[in-house]
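Understanding the architecture of this molecule
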Amino acid sequence: MSLNDKHYHQLVSVFGSKLKADEIVYLQSDEKNVVRQLFFSNEISAVENYCSGNNLFLVKSKFKIIFSDLETGETFSNKGERVDLSDKRSGAIICYIAKDEKSSLLAALSEHQRNDQLLGELLGYPKCCIEYFLHRFGPENSNPELESIDHEENSLKNKIDLRLLDISKRDEDICLLSHFPCSWDCGESFNIAERRLLLLASKVKSRANSLEIGLQK
Ligand SMILES: [Zn+2]
């Protein structure tokens, strides 16, 4: 799949954000096996159309998620309250998208059964980061983000740019990871972030550039 800027912007308008569009690029380039994204009912038909036109299997959760005023429907964590689809309140449906039906179904099932370990594995998160999430995430800590560090000093010391692991700007669509890295030294997370940046650079150069600039700030 090669994309020009116009195609990428179409992807953004279908999926609703650049981060979500990036994940679809990763999925279609085999950088990611399954994608888990939340959508409100008015957004779903465009997403379903895209998936059926591109040989992607989409499975919807059998429940929806209601967010309190302060929460947003970001895909990182399982915040929000799970309610029946018949509930009258407006909520987001979780969609699991993959190239093969089995992966989408398995991801949906594992979340339905609250098996965060299996879900994390299916979503391609490093084992160390899954462990970290399982131990740190909870009602009192729904954002187990790492404390910020002095990147300038650190990148000089380690000779690698740890800013690639920064997820603090994900609300601004500036982020390469779709999981909480377990530490600033997580090599697997760094490899994922670096691979994705290279992939985007080869597919949608303008997007890779804006991510690089955004992460340096
Ligand atoms: Zn890790």
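So, here's what we can say about the structure. (Residues numbered from 1 in each chain as written. Predicted model: local features only at pLDDT ≥ 70, side-chain atom pairs only at ≥ 80, totals over all residues.)

Each helix and strand in the chain was counted, giving 9 helices and 4 strands. Secondary structure elements in the chain, listed N-terminal to C-terminal, are α-α-β-α-β-β-β-α-α-α-α-α-α. Looking at the chain as a whole, 34% of its 217 residues are labelled buried. The contacts of the chain with a sequence gap of at least 6 include a subset with a gap of at least 24, amounting to 60%. (Helix = DSSP H or I, 4+ residues; strand = E, 2+ residues; numbered from the N terminus. Buried ≥ 20, exposed ≤ 12 C-beta atoms within 10 Å, placed from the backbone. Contact = placed C-beta atoms within 7 Å.)

Our next topic: the sheet that holds strand 2 (residues 57-66). Read across the sheet, 4 strands follow the order 1-4-2-3 without closing on themselves; strand pairing throughout is antiparallel. Each edge of the open sheet is held by one strand with a lone partner, namely strand 1 (34-39) and strand 3 (81-84). Across the sheet, the axes of successive neighbouring strands diverge by a mean angle of 40°, strand direction being ignored. Sheet topology places strand 1 next to strand 4 (residues 92-98); 6 bridges connect them, and they run antiparallel. Directly across from Arg36, in strand 4, lies its bridge partner Tyr96. Of the strands in this sheet, strand 1, strand 2 and strand 4 are in contact with helix 3 (residues 41-53), which crosses strand 4 at around 10°. (Pairing = 2+ DSSP bridges. Axes fitted to C-alpha atoms, helices over the stretch in contact; angles between N-to-C directions.)

This part is about the nonpolar core. Counting 50 residues, the largest nonpolar core has Val34, Tyr96 and Cys129 as the members making the most contacts within it. Of the residues forming this core, the biggest block, 6 residues, is contributed by strand 4. If we skip the residues at most four places from it in the chain, Tyr96 touches Val34, Arg36, Val59, Ser104, Ala107 and Ala108. (Core = buried A, V, L, I, M, F, W, Y, C linked by C-beta atoms within 7 Å.)

Our focus in this paragraph is the pairing of strand 4. Within strand 4, 6 of the 7 residues are buried, leaving the element largely enclosed by the surrounding structure. Where strand 2 lies against strand 4, 6 bridges are found, and the strand directions are antiparallel. When the sheet's bridge partners are listed, Lys64 is paired in strand 4 with Ile93.

This next bit is on the environment of Leu215. Structurally, the position occupied by Leu215 is in helix 9 (residues 205-216). Distance in space between the C-alpha atoms of Leu215 and Leu162 is 9.8 Å, their sequence separation being 53 residues. Setting aside residues up to four positions removed in sequence, Leu215 forms contacts with Arg163, Leu164, Asp166 and Ile174.

Packed helices, taken two at a time, are described by their axes: the angle between them and the distance between them. Viewed as axis vectors pointing N to C, helix 8 (residues 187-203) and helix 9 meet at an angle of 140°, and their least axial separation amounts to 5 Å. Viewed along their axes, helix 8 and helix 9 adopt a mutual orientation that is oblique. Of the residues in helix 9, those in contact with Leu197, Leu200 and Ala201 of helix 8 are Lys205, Arg207, Ala208, Leu211 and Glu212. Classifying every residue of the contact of helix 8 with helix 9 gives 5 nonpolar, no polar and 3 charged. (Parallel < 35°, antiparallel > 145°, perpendicular 65-115°, else oblique. Nonpolar A, V, L, I, M, F, W, Y, C, P; charged D, E, K, R; others polar.)

Burial runs high along helix 2 (residues 18-28): 9 of the 11 residues are buried. Along helix 2, the residues that are buried comprise Lys18, Leu19, Lys20, Ala21, Asp22, Glu23, Ile24, Val25 and Tyr26. Where the residues of helix 2 are buried, they touch helix 1 (5-15), strand 1, helix 8 and helix 9. A positive phi of about 65° marks Asp30, the residue just after helix 2.

That is the geometry; function is a separate question.
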